[in-house]
Each structure stands twice: as C-alpha cells, then as structure tokens.
Amino acid sequence: MNARVAGYCGVIWSKPCSVAGSELDSKRLNAKGSEVAVVVGERLARYGFGDGHPFGPDRHGAFVREFEQRGLPRQVVTLEPRDATSAELQLFHTAEYVHFIMERSQSGTGYLDGGDTPNYRGVFEAASSVVGSTLTATDWIMRGARRRAFVPIGGLHHAARTKAAGFCVFNDCGVAVEHLRRTYSVGRIAYVDIDAHHGDGVFYGFEDDPDLIIADLHQSGESLYPGTGSSEETGRGAAEGTKLNVPLPAGSGEAEFSEVWPQMMAHLEQFNPSFFILQCGADSIAGDPITNLNLTPACHARAARELCAMADRLGHGRVLALGGGGYDRGNLARAWNGVVEALLAA
C-alpha cells in the first residue's frame, strides 16, 4: 500500500459510543488562581464522525470522564468552547476553502477529501468550534503570566491551507500561529508534535517560514500516512534548518523516545521561541488501532513537563497543548489527562 496516498482508508474499526457532551456543563468548578486552563464543552464535542469512524464524537467524553475521575476540574480553570469566525479561519486557510466547507456542510454528503474525512450536516460549525476553542485557550495564555492550557480535541494538524485531510477539516494549529502573530506580535513560535502521524498541514503550511520552529516526532512515512516527514525535510529557503523531523520505525517505544527527545529539545531551545504549541496525539501510544508506535502516556507527560520547564527558562512560561490523534479511548484519556497533570505540576 502506498503510504503517501492510502490515508487511513481500509482500516477496520469498531463503532464508537453515542455522542458525549461535556459532563462539566453543570459543574463550574474553576480553580481561582490556577495557571492551567482546559477547554471542554458540548460545542467541542460536536467534532467527530459517525458510522464507526475512528475519530468519533465520543473522544471528548472519554477525556472528560477521566478528567473528572482524577479530580482535575477543581485544579484548573475550565473554559467554554466557541466557534471561530470566518475571518479567524482565514488567518490560515484561503477564503475559497472556508466557503467550500461552509457550502458542503449544508448538504452533509460525501467526503471533504479523498475518503478519510466524511462530510456531515453542521461539520463547518463543528470544525469551527475546534479552532475557536484553541483560540480561546491561546488568548487565555497570552492575557496572563506563565500560563498553560489544554484543548482535548484540538491539534488537527493535517488540514492544509486549501484542503481537508486525514480527519482534519480546519487546522487550528496553523490558525493559532497566525493569531499569535497578528494579535499579539509574537515572534518565534515553536510547534512540537508527537502524534504518530507527521503534522504535514503545519509543516508544509510554514515550510519556508523561519519564525515557526518545528520539532515533529512521528512514525516513519514509509509505513504510515501521510508518507511525509523525512529527516531530510528541514525547511526551505530562509527557513532551512528551522524544522526537525524525527521519523521512527514502526514498533518504536519509550526507549527510542528517550533517545531522540533530548535532540528535539536542543533544537527548540537554540531558537529561543516565545510560545510553545505541543500537539500530543495519543495515537503514538502502544495499542492504537491504526498506528504502530509503542510510546507510553509517560512520554506525553514528559514532553509537556519539559516544554514547560524550557518555557520558564526562556522567561515566558507559555505552553498550549492540543490533543491531536488517538483512537484507543483509554489511551487518549490517560495520555491527555497526564499532560494536564504535567502542566499543573510544572
């Protein structure tokens, strides 16, 4: 199978549970003075695909149940999701593409890409809520001091400026980067990705941009969608050397992560970024139904903890973590809540 074109098609998956909204809607247990915010709510839970698709709408509920079980709502500030505006979406995406999704959302039929990302009625609003939630978290960080935030369904890193891809309709990561620049005049931004899949929408969206520093660990494109992200891809033109791709062979686990993670940290620190975005996809954890890495939730917690420490050393403390992929519900619940705990402890 050609990894570049096969996408996630042909995977056998089980039907997800029914749509789960936020169990927190009636429990506004915000921790006053907390330096960590988490965005949860029914608007964010809308993003997901039915009929047994691996990216089902139950992923939000899986996160929230573990979130509550660990008592985390009492320790963080919970923020309500919101829909992004068309103008905000166009910070990264073309106007033509935004209008295309808006129109297709009304019919709700077919696919938005080559066969991985189904269309459904209201997909425009659902995808907009992911972007709006990421922007809400971004604004919360920027309006405080040494703040961190987590968005469980964020991190839709495959969507390109002009098209959907790999379950991703709008690229909230890319919109957040442009928002930070235009609204807050943030200079260098670091994008760190430990999802099993290469963050191609972000990488190629900023491939020639020297002020977006990228460190992306993923399963090799030789064995997994989207077939990109070789170690030779380091940026183009003035951005050459600002991007680091770390493809791992299928089967790589915590030992391999521990070997390459310090290299990723060293790459980031030399550029002195003013804001960190961590895409902490849980599909890189052992047991995911559509990938072949064997990382553990401890890897994700370590990444969050050490990025917070670096952000503090650099004097700003700003870390935004986005859930990304992950199709084993237990894995994503453990990994994402471990990231929240790491943000709190850092």
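Since the structure is predicted, the reported quantities are computational estimates derived from the model, not experimental observations.

Undergrad: Just checking my understanding: could you explain the overall build of the chain for this structure?
TA: The helix and strand tally for the chain stands at 11 helices and 8 strands. Burial status across the chain gives 62% buried among its 346 residues. The centroid of the 31 positive side-chain charges in the chain is displaced by 6 Å from the centroid of its 41 negative side-chain charges.

Undergrad: I keep staring at the nonpolar core and nothing clicks. Help me out?
TA: A general trend in soluble globular proteins is that nonpolar side chains are found buried together. Core analysis: the largest hydrophobic core is formed by 108 residues, its most contacted members being Tyr47, Phe63, Phe150 and Phe170. Top contributing element to this core by residue count: helix H6 (residues 123–142), with 11 residues. Beyond its immediate sequence surroundings of up to four residues, tyrosine 47 is in contact with Phe55, Pro57, Tyr120, Ala126, Ala127, Val130, Ile153, Leu156, Phe167, Cys168 and Val169.

Undergrad: Help me understand the pattern of salt bridges, please; the structure alone is not making it clear to me.
TA: Note that side chains of opposite charge can pair when their charged atoms are close. Inspection of every chain in the model, using the stated rule, returns 15 salt bridges. A salt bridge links aspartate 83 to arginine 43; its shortest N-O distance comes to 3.1 Å. Residue aspartate 83 is located in the loop between strand S2 (77–79) and helix H4 (86–89), and its partner arginine 43 is located in helix H2 (residues 42–45); the two are separated by 40 residues in the primary sequence. Across the pair arginine 329 and aspartate 58 runs a salt bridge, and its minimum N-O distance is 2.9 Å. In this pair, arginine 329 sits in helix H11 (residues 329–345) while aspartate 58 sits in helix H3 (residues 58–69), placing the two residues 271 residues apart along the sequence. Of the two residues examined, arginine 329 and aspartate 58, each falls in the buried class. Each of the salt bridges in this network shares a partner with another, and the network as a whole consists of Arg43, Arg46 and Asp83.

Undergrad: Which parts of the structure should I look at to understand the packing of helix H5 (residues 95–107) against H6?
TA: Describing two packed helices takes the angle between their axes plus the distance from one axis to the other. Where H5 contacts H6, the two axes come as close as 7 Å, and the packing angle between them is 130°. One element, H5, and the other, H6, form an angle in the oblique class. Along its contact with H5, which presents Val98, Ile101, Met102 and Ser105, the element H6 presents Val123, Phe124 and Glu125.

Undergrad: Looking at this model, I keep getting lost on helix H10 (residues 297–313). Mind explaining?
TA: In an α-helix there are 3.6 residues to a turn, and that puts residues three or four apart on one side. Over its 17 residues, H10 extends 25 Å from the first C-alpha to the last, a length consistent with the 24 Å expected when each residue adds 1.5 Å. Buried within H10 are the following residues: Cys299, His300, Ala301, Ala303, Ala304, Leu307, Cys308, Met310 and Ala311. Packed against the buried residues of H10 are strand S3 (148–151), strand S4 (189–193), helix H9 (254–269), strand S7 (276–279), strand S8 (319–322) and H11. Once H10 ends, the next one or two residues include glycine 315, with phi positive near 95°.

Undergrad: Just checking my understanding: could you explain the packing of H3 against H11 for this structure?
TA: Two numbers describe how H3 lies on H11: the axes approach to 9 Å, and their chain directions differ by 55°. As summarised for this structure, H3 and H11 are arranged oblique, according to the angle between their axes. Note that H3 runs across H11; the crossing there is right-handed. Contacts from Asp58, Arg59, Ala62, Phe63, Glu66 and Phe67 of H3 reach H11 at Arg329, Leu332, Ala333, Trp336, Asn337 and Val340. For the contact of H3 with H11, the class distribution of residues is 7 nonpolar, 1 polar and 4 charged.

Undergrad: Any chance you could explain empty space enclosed by the protein here in plain terms?
TA: If you walk through the whole model with that rule in mind, you get 1 cavity of 30 Å³ or more. The calculated volume of the largest cavity comes to roughly 70 Å³. Taken together, 15 residues form the lining of the largest cavity, with His157, His158, Cys168, Gly325 and Tyr327 sitting closest to its centre. Split into classes, the residues belonging to the lining of the largest cavity amount to 5 nonpolar, 8 polar and 2 charged.

Definitions and limits used
Residues numbered from 1 in each chain as written. Predicted model: local features only at pLDDT ≥ 70, side-chain atom pairs only at ≥ 80, totals over all residues. Heavy atoms only, no water. Helix = DSSP H or I, 4+ residues; strand = E, 2+ residues; numbered from the N terminus. Buried < 20%, exposed > 50% of the residue type's maximum accessible area, 1.4 Å probe, protein only. Lys, Arg positive; Asp, Glu negative; His and termini not counted. Charge placed at Lys NZ, Arg CZ, Asp CG, Glu CD. Core = buried A, V, L, I, M, F, W, Y, C linked by side-chain atoms within 4.5 Å. Contact = heavy atoms within 4.5 Å. Salt bridge = Lys/Arg side-chain N within 4 Å of Asp/Glu carboxyl O. Axes fitted to C-alpha atoms, helices over the stretch in contact; angles between N-to-C directions. Parallel < 35°, antiparallel > 145°, perpendicular 65-115°, else oblique. Expected span 1.5 Å × (residues − 1). Left-handed = near helix turned anticlockwise from the far one by under 90°. Nonpolar A, V, L, I, M, F, W, Y, C, P; charged D, E, K, R; others polar. 1 Å grid on protein atoms, 1.4 Å probe; cavity = no way out; pocket = protein on both sides within 12 Å on 5 of 7 lines; lining within 4 Å. Points joined across faces, edges and corners; volume = space filled by probe spheres on them.

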